[in-house]
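# Structural characterization, general
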Amino acid sequence: MVERLGDWLSSLSARWGMIAAALVAILATLLLSDYRSTDQQLRVARELVIPQAATGSIHIVEIDSRSVREMESWPWKRRLHGKLVDQLHRAGAKVVAFDVDFSSPSNPEDDQTFADALGRFGGGAILPTFRQLVSDTGNIFAENIPIEPLRNNAFLGSVNVHPDSDGAMRTFPFGTVTDGTARPSLAALIADHSGTVDDHFRLSSAILPDSIPRHSATDIINGRFNPKDIEGKTMLVGATAIEMGDRYAVDGHGVIPGVVVQAMAAETLLQNLDYPNYGPVPAIIAALLGAGYASNIWRLQRRLTRLGLVGVLIILTPFAMEGAHLGTIEILPGLVGIAGTFTAAGFIDYVRRLSLARLNDSETGLPNGKALAQQLSKSRDGTLIVMSVKSFRSITVQLNAAETVALYEQMVSRIHAIFGTVKVFQLGDGRLSWVDMSPEKGPVTDAIDSLAAMFLSKFQLTAHQIVATPAFGIADMISDKAALCIQHAALAASRAAEQGHRWVRYGDEMGDSAIYAQKLLAEVDDALARRELYPVFQPKWSIAEGRITGVEALLRWNHPERGHIRPDHFIPILEDNNRMQDVTLYVFDCCAEQAVHWLEKGLDIKIALNVSAPLFADPAFTKTLINRVKALGAKSKRLVIEITESAVVTNTESTIHTLNVLRALGVGVSIDDYGTGQSTLSYLKRFPADEIKIDQSFVSRMLDSPSDQILVRSTIEMAHELGFAVVAEGVEDAECLAKLREFGCDTVQGWHISKPKTAPEIEAMMASAEHSLAA
């Protein structure tokens, strides 16, 4: 599924893919969300970041709580309003506007006094008019206009407001129709701003309410003010006392008095803060262009940086436009488009990485066998070469991950020196492959001979000098059969390594052995299920105790058609094809079952089994092995894990950790084939092991080689000093056993003690005189 998705995405232009993602996100925002509400909040946030002080040309005469207390109860007698107008007129006020309802008559004398004061003001007075709903069940409105004596001496301005559904004031009308007459709004009148009836402008939250000058009405009426503060100003009279109501919510400022809202609306018009709104289109265009701009590069970090810059540009654009009074834009759809592009970029990169991981080795970064097959399927020319490094696993167990990568890099460099800048593919286990496309330079075998000569020079790594001996396989290209072509070249390389040749060209006769190997691999699972694979046990003799104290499990395969298959025939095939995990766990289960059986029968025998070095680098395998040991409980003490010295030399933290866990659970640890690696006993002391096994190549030659005798004896002595028990394998005769007894060896193993036997044969041997044969 992932592969098909990766192939599909690789065929799809990243540019159009990212633009499409942005467009889908934008359309979803436009069609499925109330984006304008969010954009409104973003605009409010911008206004609060860069607030605007009031111009100072509009002052509020507030009927506050103190005014209500000092000037009798509310509503006031109209003569008090008249006195207020006269005081403001004498102080030189330019305009006096009321946000107070005068639609009902009061005392005729007081009404006339107020009307006369308005007349003396000379036409600079404004009184409010508004419509209000008087029926909850119908569409019946009352037209509230000042009484005739008052309106004859003043302009009329509408104070109708229309809060949004959440109760907040965000827009104001330029005018409304009351009593059949179109009238400008109070805010438009005092700001001297024209507009169309029933058109609205947006109330700016940038206006700071506290910056609007205020005067208490009682102070104005009683002359407690400086006339110079009033001269030339527009005076807006209205209630601010909490007990008088008339309060509205304004974004960013909470709930404030209606007269202050009217003043903020007038200031919005005075300062030209009612910018034209160009909608979401500019931000959408920027987002789509940004998606195309970012898609020009493949690196995710740089792509996201470009998208981030476009997003910042979209965010800053309305700041700049509003600051220059040029207008504003709605940015949320554009930002969502950028977010959609962000998501698409990350997803495309993720799938691209999956595709690259599918086609590249995770450790070295070189293209892998799948990439090679993909290339071969597109080309029919050239000669395919597979280079296999002999004993590559024995080389890499000495190296850490960085050194292994460095070795591959140096090998590729030498290939390029001979074959030019060919694309080199890693097939695993020290195998590299490439296609030679230059027959005009001469026979490919001449170039291979030159490359082999270069490999005679050691590879210089950080802590090692490595000699890598290559064997080459050559195969002709086969139309539409990439996998078969790779298999042919790899098989030829394996045949070259087996026969000691520098290179081998594939021939049809090689297919037989490959078919044999494939058939064995195909039969492994069934063979495990039918227990055709089974362990035999070679006894280990304790010199000190004079008896068999343990056995080593050795794997055998009794095939129903082919009969007994030699271990050196099938085990390399399993190792080369990564099948040893399942087989090793199968052998462990067999040994655990046998150990428990012998323990129940009263036989004191430990069973040792081999675990190959690469398996300790497999977290899944080690986790499964540890869990199975835990399941045995105390009976796990009957098992010993043998690990080769070469595996220990790598000193990997994962190997040491696994061995520590196994020992803590009771499993013994033995270092196998000691002497064949590059370690010293003092070096091995750092590892969690109980014993070392001296390799049979030294033990079997010991009687004929003084140097081997010295090595075996010194190894036994030093191992004992370091706390290791010593097992010598390869004991083929009594003389060798006697010499090892002389050297103080603890345990011996070999055909002189016994050849490998089945479990029943071991039990019979333990019960017979043969048990003391080597005493």
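This text gives an overview of the structure that appears in the document. (Residues numbered from 1 in each chain as written. Predicted model: local features only at pLDDT ≥ 70, side-chain atom pairs only at ≥ 80, totals over all residues. Heavy atoms only, no water.)

Of regular secondary structure, the protein possesses 30 helices and 30 strands. Restricting the contact set of the protein to residue pairs at least 6 apart, pairs at least 24 apart contribute 72%. Accessible surface computed for the protein: about 36000 Å², of which carbon and sulfur atoms make up 53%. With 72 positive and 90 negative side-chain charges, the protein shows a separation of 1 Å between the mean positions of the two kinds. (Helix = DSSP H or I, 4+ residues; strand = E, 2+ residues; numbered from the N terminus. Contact = heavy atoms within 4.5 Å. Areas by Shrake-Rupley, 256 points an atom, 1.4 Å probe, with all protein chains shown as cover. Lys, Arg positive; Asp, Glu negative; His and termini not counted. Charge placed at Lys NZ, Arg CZ, Asp CG, Glu CD.)

Pairing is mixed across the open sheet formed by five strands, whose spatial order is β16-β17-β15-β20-β21. The sheet is open, and its two edges are formed by β16 (425-428) and β21 (503-505), each paired on a single side. Each neighbouring strand pair of the sheet contributes to a mean axis angle of 25 degrees, computed without reference to strand direction. Taken together, the six bridges between strand β15 (residues 383-389) and strand β17 (residues 431-436) define a ladder with antiparallel strand orientation. By the bridge assignment, I385 is partnered in β17 with W434. Running over the sheet, helix α15 (residues 369-376) touches β15, β16 and β17 and is turned about 130 degrees from β16. With respect to the sheet, helix α18 (residues 444-454) is in contact with β15, β17, β20 (470-476) and β21, its orientation differing from that of β20 by roughly 165 degrees. (Pairing = 2+ DSSP bridges. Axes fitted to C-alpha atoms, helices over the stretch in contact; angles between N-to-C directions.)

This next bit is on the packing of aromatic side chains. According to the stated counting rule, one finds 11 aromatic pairs in the structure shown. Within the aromatic cluster, the residues linked to one another by ring pairs are F98, F102 and F114. Across the ring face of F455, the terminal group of R414 is positioned such that the distance to the ring centre comes to 5.9 Å. One cation-aromatic arrangement involves R414 over F459; the distance from NZ or CZ to the ring centre is 3.7 Å. (Phe/Tyr/Trp six-rings, centres within 6.5 Å; stacked < 30°, edge-to-face > 60°. Lys NZ or Arg CZ within 6 Å of the ring centre and 35° of its normal.)

Looking now at a nonpolar patch on the surface. Together, L23, L27, L31 and L32 make up an exposed nonpolar region whose accessible area comes to about 440 Å². With respect to the helices, strands and loops of the structure, L23 is situated in helix α2 (residues 14-32). (Patch = residues over 30% accessible without salt bridge, like charges linked within 9 Å, V, L, I, M, F, W, Y side chains within 5 Å. Salt bridge = Lys/Arg side-chain N within 4 Å of Asp/Glu carboxyl O.)

A regular strand places its side chains so that they alternate between the two faces of the sheet. The side-chain alternation of strand β28 (residues 691-694) yields two buried faces, one formed by E691 and K693 and the other by I692 and I694. When strand β27 (residues 668-674) meets β28, the two strands line up parallel, connected through three bridges. The residue bridging Y674 from the neighbouring strand is I694, located in β28. Relative to strand β29 (residues 725-729), β28 is paired through four bridges, and the arrangement is parallel. Its bridge partner being in β29, I692 is matched across the sheet by V726. (Buried < 20%, exposed > 50% of the residue type's maximum accessible area, 1.4 Å probe, protein only.)

All right, on to the packing of helix α22 (residues 580-600) against helix α23 (residues 619-632) then. Viewed as axis vectors pointing N to C, α22 and α23 meet at an angle of 10 degrees, and their least axial separation amounts to 11 Å. Taken together, α22 and α23 sit at an angle that is classed as roughly parallel. When α22 is examined against α23, the residues Q581, T584, L585, F588, D589, A592 and V596 are found in contact with a partner set consisting of F621, T624, L625, R628, V629 and L632. Of the residues in the contact of α22 with α23, the class split is eight nonpolar, three polar and two charged. (Parallel < 35°, antiparallel > 145°, perpendicular 65-115°, else oblique. Nonpolar A, V, L, I, M, F, W, Y, C, P; charged D, E, K, R; others polar.)

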